[in-house]
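# Inside the fold
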Amino acid sequence: MAKAGIERSPQTIAAARHSRSTLCFFNAFCENLRSSLVSQTSLSEFSLIERFFERRALNRSPNDVDRAVLGIGDDCALIAPRAGQSLAISTDMLVEGRHFFPGVDPHALGHKTLAVNLSDLAAMGAKPRAFTLAFALPDAREAWLAAFSDGLFELAERFDCELIGGDTTRGPLNLCVTVFGDVPPDLALRRDAARDGDDIWVSGTLGDARAGLGVARGEWSVTGDDAASDTATFRRALERPEPRIALGIALRGLARAALDISDGLAGDLLHILERSRVNASVDADAVPRSAALSRLSADVQRRCTLTGGDDYELCFTAPAATREAIEAIGAEVKVPVTRIGTISTLKAAADRPAITWHDSTGAPLSLTLQGFDHFNAD
Ligand SMILES: Nc1ncnc2c1ncn2[C@@H]1O[C@H](COP(=O)(O)OP(=O)(O)O)[C@@H](O)[C@H]1O
Ligand SMILES: Cc1ncc(C[n+]2csc(CCOP(=O)(O)OP(=O)(O)O)c2C)c(N)n1
Ligand SMILES: [Mg+2]
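In what follows, the accompanying structure is described. (Residues numbered from 1 in each chain as written. Chains lettered and ligands numbered in written order. Predicted model: local features only at pLDDT ≥ 70, side-chain atom pairs only at ≥ 80, totals over all residues. Heavy atoms only, no water.)

## Focus on the nonpolar core
With 55 residues, the main nonpolar core has Phe-53, Phe-131 and Phe-316 as its most contacted residues. Counting residues per element, this core draws most heavily on helix H3 (residues 106-124), at eight residues. Summarising the domain contributions, this core has at least three residues from each of domain 1 (45-186) and domain 2 (189-365). Within the second largest apolar cluster, 24 residues are counted, among which are Ile-200, Leu-306, Ile-340 and Ile-343. (Core = buried A, V, L, I, M, F, W, Y, C linked by side-chain atoms within 4.5 Å. Buried < 20%, exposed > 50% of the residue type's maximum accessible area, 1.4 Å probe, protein only. Helix = DSSP H or I, 4+ residues; strand = E, 2+ residues; numbered from the N terminus. Domains from an automatic or database assignment.)

## Digging into the site of ligand 1
Around ligand 1, the neighbouring residues are Asp-92, Asp-120, Arg-191 and Ser-262. A distance of 3.3 Å separates an oxygen atom of ligand 1 from a polar atom in the side chain of Asp-92. Contacts to ligand 1 include Asp-120, whose side-chain N or O atom sits 3.0 Å from an oxygen atom. Within the complex, the protein chains bury 28% of what would otherwise be the 560 Å² of accessible surface of ligand 1. Of the residues contributing to the shell around ligand 1, the split by class is no nonpolar, one polar and three charged. (Near = heavy atom within 4 Å. Polar contact = N/O pair within 3.5 Å; in protein donor to acceptor, adjacent residues only side chain to side chain. Areas by Shrake-Rupley, 256 points an atom, 1.4 Å probe, with all protein chains shown as cover. Nonpolar A, V, L, I, M, F, W, Y, C, P; charged D, E, K, R; others polar.)

## Here's the deal with the packing of helix H2 (residues 45-57) against helix H4 (residues 142-158)
The angle between the axes and the distance between the axes are what describe a pair of packed helices. Their axes nearest at 10 Å, the elements H2 and H4 cross at an angle of 15 degrees. By the angle between their directions, the pair H2 and H4 is classed as roughly parallel. Seen along the crossing, H2 lies across H4 with a hand that is right-handed. The residues of H4 that touch H2, namely those facing Leu-48, Arg-51, Phe-52, Phe-53, Arg-56 and Ala-57, are Glu-142, Leu-145, Ala-146, Phe-148, Ser-149, Asp-150, Leu-152, Phe-153, Glu-154 and Glu-157. Counted by class, the contact of H2 with H4 contains nine nonpolar, one polar and six charged residues. (Axes fitted to C-alpha atoms, helices over the stretch in contact; angles between N-to-C directions. Parallel < 35°, antiparallel > 145°, perpendicular 65-115°, else oblique. Left-handed = near helix turned anticlockwise from the far one by under 90°. Contact = heavy atoms within 4.5 Å.)

## Examining the site of ligand 2
As a structural note, the neighbourhood of ligand 2 is formed by 15 residues, with Asp-92, His-99, Ser-262, Asp-310 and His-374 the closest of them. The side chain of Asp-92 places a nitrogen or oxygen atom 2.9 Å from an oxygen atom of ligand 2. Contact between ligand 2 and Ser-262: an oxygen atom at 2.7 Å from a side-chain N or O atom of the residue. Summarising the interface, the protein chains cover 86% of the accessible area of ligand 2, which totals 590 Å² for the free molecule. Looking at the shell around ligand 2, its residues break down into six nonpolar, four polar and five charged. Taken domain by domain, the shell around ligand 2 gets at least three of its residues from each of domain 1 (45-186) and domain 2 (189-365).

## Thoughts on helix H6 (residues 227-239)
For H6, with 13 residues, the first-to-last C-alpha span of 18 Å sits near the 18 Å given by 1.5 Å per residue. For H6, the full list of buried residues reads Ala-227, Asp-230, Phe-234, Leu-238 and Glu-239. Along the axis of H6, the buried positions cluster into a sector of 155 degrees, meaning they face one direction only. For H6, the exposed residues lying more than 90 degrees away from the buried face are Ala-228 and Arg-236. (Expected span 1.5 Å × (residues − 1). Arc of directions from axis to C-beta.)

## Describing the sheet that holds strand S6 (residues 258-260)
In a beta sheet, neighbouring strands pair by backbone hydrogen bonds and run either parallel or antiparallel. Reading across from one edge, S6-S8-S5-S9-S7-S10-S11 is the order of the seven strands in this open sheet, with mixed pairing throughout. Two strands bound the open sheet, and with one partner strand each, they are S6 and strand S11 (364-365). Judged from the five bridges that link them, strand S5 (residues 199-203) and strand S9 (residues 337-345) form a sheet pairing that is antiparallel. Its bridge partner lying in S9, Asp-199 is registered against Thr-342. (Pairing = 2+ DSSP bridges.)

Just geometry here; none of it tells us what the structure is for.
Rendered as structure tokens:
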């Protein structure tokens, strides 16, 4: 801006006009960018945040001691560690075309965005506390945002997990959550804690999410009298995984190692083996599967249960002496738990940990199985 009282030549005025018009062009460019972000709506970036995220995050009692010291609206959120507890922290990102199909139901996407993160807390035996949400959106459609935030907050409210911050930008659809939970450090279910003789357990059933992906991709089809309900079972498993929070917390002090199965049993169990420097022997037929999956071919069942990702069930190890207690916990939290194998020591200290597979008769199976890998993906 020209200062008052300073006389300017026509050239100076022209130059100022030129630089102002460059500035105006830049401003118009920014304005276009912003207005296309909020096209079809009257929402600004900040009213979008306020309306769909901050308002619901604040819908809580301000005096509750469980709440963050400072939530949305400042440069950082503030949360105080609890006495005797560690903060469990994990991040997972969902990318359109990679983790979900374009056009997926936004309510389901909101659910899954938080669910896959809460699942990591469950796998650690941690109690959810807070989360941040960073996302890029190609545009800001109100109906989409309303459904997405409903799916997200319905799950957040069920687990009393508070949204404390995030970031919003325009770009290809991409959602990233960071979760924070509480766990007493000596009771955290770590990947490096499996020991010789431990049973290997999994929660729920495995393979339905992969079956759903296969149906969506046309890799196989669902036939028979139950086709409609089986298809719905698979789709639900793929789109709305249930984080096993109550089970994870109940397993504190009983289970040794644990993780959640995001990349498939074969790949994820190997993470426990590598961290714990042990081997595993697994009965491939004992891996629990839904009635719907049991109606697909034996080949597809094996592929889905052993290598299918996206199940978000827990895989954990525990000493044989805790079998009854673990069965009782499964009954109490209403999540089936199934023993599928045993941990053993490495033959030589330098050996690479491995899984040996057998069938229900004990006959060895020679399976070459790989977990989901973003750079070598199935
Ligand atoms: N870009 C990264 N920088 C640092 N650590 C990472 C990065 N990506 C993954 N990790 C870490 O690698 C480990 C394995 O990651 P991942 O397989 O994604 O775990 P999970 O299946 O629990 O999400 C985790 O401890 C995770 O924090
Ligand atoms: C459109 C689409 N393609 C493929 C998949 C399958 N898939 C994508 S990522 C993934 C593994 C889990 O994702 P990742 O980022 O590895 O999660 P993390 O292990 O970090 O929790 C699977 C099974 C899918 N769910 N949707
Ligand atoms: Mg991850």
